[in-house]
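Tertiary structure, described
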Amino acid sequence: MIFIAILIGCILGAILGLNAPMISYTYSSYLAIAIIAALDSVFGGIASVVKKNFDLKIFISGFFGNAILAILLTILGQKLNVDIYLAAIVVFVWRMFMNLGTIRRYYVEKWSDIIKEKTAKQEKKKNNENDEKNIG
C-alpha cells in the first residue's frame, strides 16, 4: 500500500514539476534544503515500514518539521552570513544513507532467504529422485 502511495506521489510530482514555473535563484537554497529534509523523512518512513514500526503521525510531523527546521536554519545562516544549512545537509544526507542501508539490508536478506528456499527445494527434489532410483 505504501509503495502505491509513493508511486502516485512520484507521478504527481513529475506532472507538477513539468508545469511549475522556474524557481528564482533567491529561493533555490530554501527549496533545496526543504527537498533534502523531505527525502530524509521519506527514506525514514520506508525504513520504518521495513522494520514494521511505521506511524503516520510521526511520519507527517517529521516530514514537515524537518523541512521547516531546515528552512529556518537556512534563513538564520543567511542572516548571520554563515552557511549553517550545510550542517543540516550533512545530517539529513547521513540519515538518508543510514535508512537506505536499512532498506537495502532488509531486501538483500529477503532475497537471500528466497534463494535458500529455492535451493533447498531443488536439493529435496533431487534427493527424492535419487531415492526413487535406488529403490527401483
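The numbering scheme is per chain: residues are counted from 1 as the chain's sequence reads. In keeping with the model being predicted, local features are shown solely for residues with a pLDDT of at least 70 and side-chain atom pairs are shown and tallied solely at 80 or more, while totals for entire chains, interfaces and linings include all residues. No hydrogens and no water enter the side-chain calculation; it runs on all heavy atoms of the structure.

1. Regarding helix 3 (residues 56-80)
One turn of an α-helix holds 3.6 residues; hence residues three or four places apart share an orientation. Note on conventions: DSSP H or I runs of at least 4 residues are helices, E runs of at least 2 residues are strands, and numbering of each starts at the N terminus. The span expected for a helix works out to 1.5 Å for each residue beyond the first. In this model, helix 3 (25 residues) spans 36 Å end to end at C-alpha, consistent with the 36 Å of a helix rising 1.5 Å per residue. Of the positions making up helix 3, those classed as buried are Gly62, Asn66, Ala67, Ala70, Thr74 and Gly77. Asn81 occupies a position one or two residues after helix 3 and carries a positive phi of about 60°. For each residue, the accessible area found with a 1.4 Å probe, counting protein chains only, is set against the maximum for its type, and the residue is called buried under 20%, exposed over 50%, and partly exposed in between.

2. What about a nonpolar patch on the surface?
A surface patch of nonpolar side chains, amounting to about 630 Å² of accessible area, comprises Phe54, Leu56, Ile60, Phe64, Ile68, Leu72 and Ile75. Considering the arrangement of structural elements, one finds Ile68 in helix 3. Patch members must show over 30% relative accessible area and no salt bridge, and they are joined within 9 Å when carrying like charges or within 5 Å when they are nonpolar side chains of Val, Leu, Ile, Met, Phe, Trp or Tyr. Areas reported as accessible are Shrake-Rupley estimates using a 1.4 Å probe. Residue values count occlusion only from the protein chains shown. Within this document, salt bridges are pairs made up of a side-chain nitrogen of Lys or Arg and a carboxyl oxygen of Asp or Glu, the two lying within 4 Å of each other.

3. With respect to the confidence of the model for the protein chain
By definition, pLDDT measures how confident the predictor is in each residue, and it falls between 0 and 100. For the protein chain, the mean per-residue pLDDT works out to 86, and 96% of the residues sit at or above 70. Averaged pLDDT values over the elements of the protein chain bottom out at 83 in helix 1 (residues 2-19) and peak at 90 in helix 3.

4. A look at the side chain of Thr74
Summarising the element assignment, Thr74 is placed in helix 3. We define a polar contact as two N or O atoms separated by no more than 3.5 Å, with the added condition that, inside protein, one atom must be a possible hydrogen donor and the other a possible acceptor, whereas residues neighbouring each other in sequence contribute only through side-chain atom pairs. Of note is the side chain of Thr74, whose polar atom sits 2.9 Å from the backbone oxygen of Ala70. Contact partners of Thr74, with chain neighbours within four places excluded, come to Ser29, Tyr30, Ile33 and Tyr85. Contacts between residues were defined by any pair of non-hydrogen atoms, one from each residue, lying within 4.5 Å.

5. Description of the packing of aromatic side chains
Planes of paired rings set the category: under 30 degrees apart is stacked, over 60 is edge-to-face and the rest tilted, where pairs are Phe, Tyr or Trp rings (Trp by its six-membered ring) whose centres lie within 6.5 Å. For the structure on display, the rule yields 5 aromatic pairs. For the ring pair Phe63 and Phe64, a centre distance of 5.2 Å and an interplane angle of 85° mean the geometry is edge-to-face. With relative accessibility at 25%, the residue Phe63 sits in the partly exposed group. Arranged with centres 5.9 Å apart and planes meeting at 35°, the rings of Tyr107 and Trp111 form a pair that is tilted. One end of the pair, Tyr107, and the other, Trp111, are both in helix 4 (residues 85-135), 4 residues apart, so they sit about a helical turn from each other. With relative accessibility at 22%, the residue Tyr107 sits in the partly exposed group.

6. Let's talk about the environment of Val93
Among the structural elements, Val93 can be located in helix 4. Judged by its relative accessible area of 25%, Val93 is partly exposed. For the pair Val93 and Ile36, spaced 57 residues apart in the sequence, the C-alpha separation amounts to 7.3 Å.

7. A short note on the layout of surface pockets
Here the largest pocket is characterised by a volume of approximately 240 Å³. Lining the largest pocket, in full, are Ile2, Ala5, Ile6, Val42, Gly45, Ile46, Phe54, Leu56, Phe59, Ile60 and Phe63. When contributions to the lining of the largest pocket are tallied by element, the ones reaching two or more residues are helix 1, helix 2 (25-50) and helix 3. With 4 residues, helix 3 is the largest single contributor of residues to the lining of the largest pocket. Grouping the constituent residues of the lining of the largest pocket by class yields 10 nonpolar, 1 polar and no charged. The method works on a 1 Å grid over the protein atoms by themselves. A cavity is a set of points holding a 1.4 Å probe that cannot get out, a pocket is an open set with protein on both sides within 12 Å along at least five of seven lines, and residues with an atom within 4 Å of a point line them. Grid points are joined across faces, edges and corners, and a volume is the space filled by probe spheres set on the points. Three categories are distinguished: nonpolar for Ala, Val, Leu, Ile, Met, Phe, Trp, Tyr, Cys and Pro, charged for Asp, Glu, Lys and Arg, and polar for the others, with Gly belonging to the last.

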